[in-house]
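Reading the structure
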Amino acid sequence: MDDAAPESGERNGREGRAGGAPDSRGRLDPRLPLGVFDSGLGGLTVVREIAAALPGERILYLGDTARVPYGTRSAATVVRYAQGCARALVDRGVKALVVACNTVSAVALDVLRADLDLPVIGVIEPGARAAVSASRRLRIGVLGTTGTVASGAYPRAVLSVSTRAEIVAHPAPLLVPLVEEGWLDGEVPRLAVRRYLEPLARADVDVIVLGCTHYPLLRPIIEEEARAMMGDVQVVDSAHATAAELAGLLAERSLAIPEPRGDIELLVTDRPRSFAEVTTRFLGGPPREVHVIDL
Ligand code: DGL
């Protein structure tokens, strides 16, 4: 596989698009695609749920593969990267933005909402709601990136849903590079997962939130290991709940597209071929073109 040369240039991602700015009465055009971004592949777990919940919608996805991982960087750097991704999508014309990254949702959501004239949805609040509704004993464990855990965003979001909940959050930084490498099964990810689950098992949680959009790609291993260690434990992620929240928001603002013409356009900032390979495995269907852009 040769990832050295971009297979297409900046132009490709922009072709035929008008900017997505609201008209003079503040209305966004419902025919525009939804913008979705993450540091890399992880956000595709959210794209898959959006495509299932809203099959008529076009999705413009950006994976910032040149700068992944975000989870080990300072909040200030993540905010700067997030602003670059958001601007690239808004400039191409989108009607709403889904921040399919917990790390960005944890530290940059308010900045993006203040910067942009369109609806912006993150993944942490939907994830927190999914966790509370899946939990019987309200003992909730969270695995996330170092940045997400350090931000305290999950405990805040869970406690805003239920003040009785107890939350234990632990970073699992090695899981993001494993996913980006496509290393989704075998002894290496299994050992890493087992190690990261230990503090959650000690805390006797009954729900584990996958607080990073990369982690659902390792879900089979995480579920197997969690059940082996803890017995009856639920593993939840925010993708389904985020798609449901997005569907509600589009309907409420008359921004939904009813006819089935959905399509997914993929942009990355580096390594388009390896991205395309995992994307095909993950989203199914025929191989998709992946365009490289500069931020
Ligand atoms: N998938 C992202 C998240 O949900 C980012 C992971 C990373 O780049 O470290 O946090």
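Residues numbered from 1 in each chain as written. Predicted model: local features only at pLDDT ≥ 70, side-chain atom pairs only at ≥ 80, totals over all residues. Heavy atoms only, no water.

Comments concerning the confidence of the model for the chain
Put simply, the rule is: The pLDDT value expresses, per residue, how confident the predictor is, ranging between 0 and 100. Any two residues whose heavy atoms approach within 4.5 Å at even a single point are treated as in contact.
The share of residues in the chain with pLDDT of 70 or more is 91%, and the mean pLDDT across the chain is 90. Predicted confidence is poor over residues 4–18, with pLDDT under 50, and the contacts of this stretch with residues over four places away or in other chains come to 31 contacts.

Quick look at the sheet that holds strand β7 (residues 207–211)
We count it as follows: A pair of strands is considered paired only if DSSP assigns at least 2 bridges between the two. In DSSP terms, a helix is any run of H or I states spanning at least four residues, a strand is any run of E spanning at least two, and both are numbered starting from the N terminus. All axes here are fitted lines through C-alpha atoms, helices being fitted over the stretch that makes contact, and every angle between N-to-C directions spans 0 to 180 degrees.
Here we have four strands laid out as an open sheet, ordered β6-β5-β7-β8, and parallel in their pairing. Only two strands of the sheet have a single partner each, and these edge strands are β6 (166–171) and β8 (234–237). When the angles between neighbouring strand axes are averaged without regard to direction, this sheet yields 25°. By the bridge criterion, four bridges tie β7 to β8 in an arrangement that is parallel. By the bridge assignment, Val-207 is partnered in β8 with Gln-234. Relative to the sheet, helix α7 (residues 153–161) contacts β5 (139–144), β6 and β7, its axis offset from that of β6 by approximately 160°.

Here we look at the layout of surface pockets
Rule in force here: A pocket here means an open set of points on a 1 Å grid, computed over the protein atoms alone, that has protein on both sides within 12 Å along at least five of seven lines. A cavity is instead a set of points where a 1.4 Å probe fits but cannot get out; residues with an atom within 4 Å of a point line either one. Grid points are joined across faces, edges and corners, and a volume is the space filled by probe spheres set on the points. By the convention adopted, Pro, Cys, Tyr, Trp, Phe, Met, Ile, Leu, Val and Ala count as nonpolar, Lys, Arg, Asp and Glu as charged, and the other residues, Gly among them, as polar.
Volume-wise, the largest pocket comes out at about 290 Å³. Every residue lining the largest pocket is counted, 18 residues in all, and those nearest its centre are Ser-105, Ala-106, Leu-109, Glu-125 and Ala-153. Every element with two or more residues in the lining of the largest pocket is listed here: α4 (102–115), α5 (124–134) and α7. Of the residues that constitute the lining of the largest pocket, the class distribution is ten nonpolar, three polar and five charged.

Here we look at the pattern of salt bridges
In plain terms, the rule: Salt bridge, as used here: a side-chain nitrogen of Lys or Arg that lies within 4 Å of a carboxyl oxygen of Asp or Glu. Only protein chains enter the calculation, and the probe is 1.4 Å; a residue is then buried if its accessible area is under 20% of its type maximum, exposed if over 50%, and partly exposed in between.
If you walk through the whole model with that rule in mind, you get 13 salt bridges. Salt-bridge contacts for Arg-129 lead to Glu-245; the nearest nitrogen and oxygen are separated by 2.4 Å. Of this pair, Arg-129 sits in helix α5 while Glu-245 is found in helix α11 (residues 239–252), placing the two residues 116 residues apart along the sequence. By relative accessible area, which is 39% here, Arg-129 ends up partly exposed. We note a salt bridge from Glu-225 to Arg-190, for which the minimum N-O separation is 2.7 Å. In this pair, Glu-225 is assigned in helix α10 (residues 219–230) and Arg-190 in helix α9 (residues 187–202), connecting sequence segments 35 residues apart.

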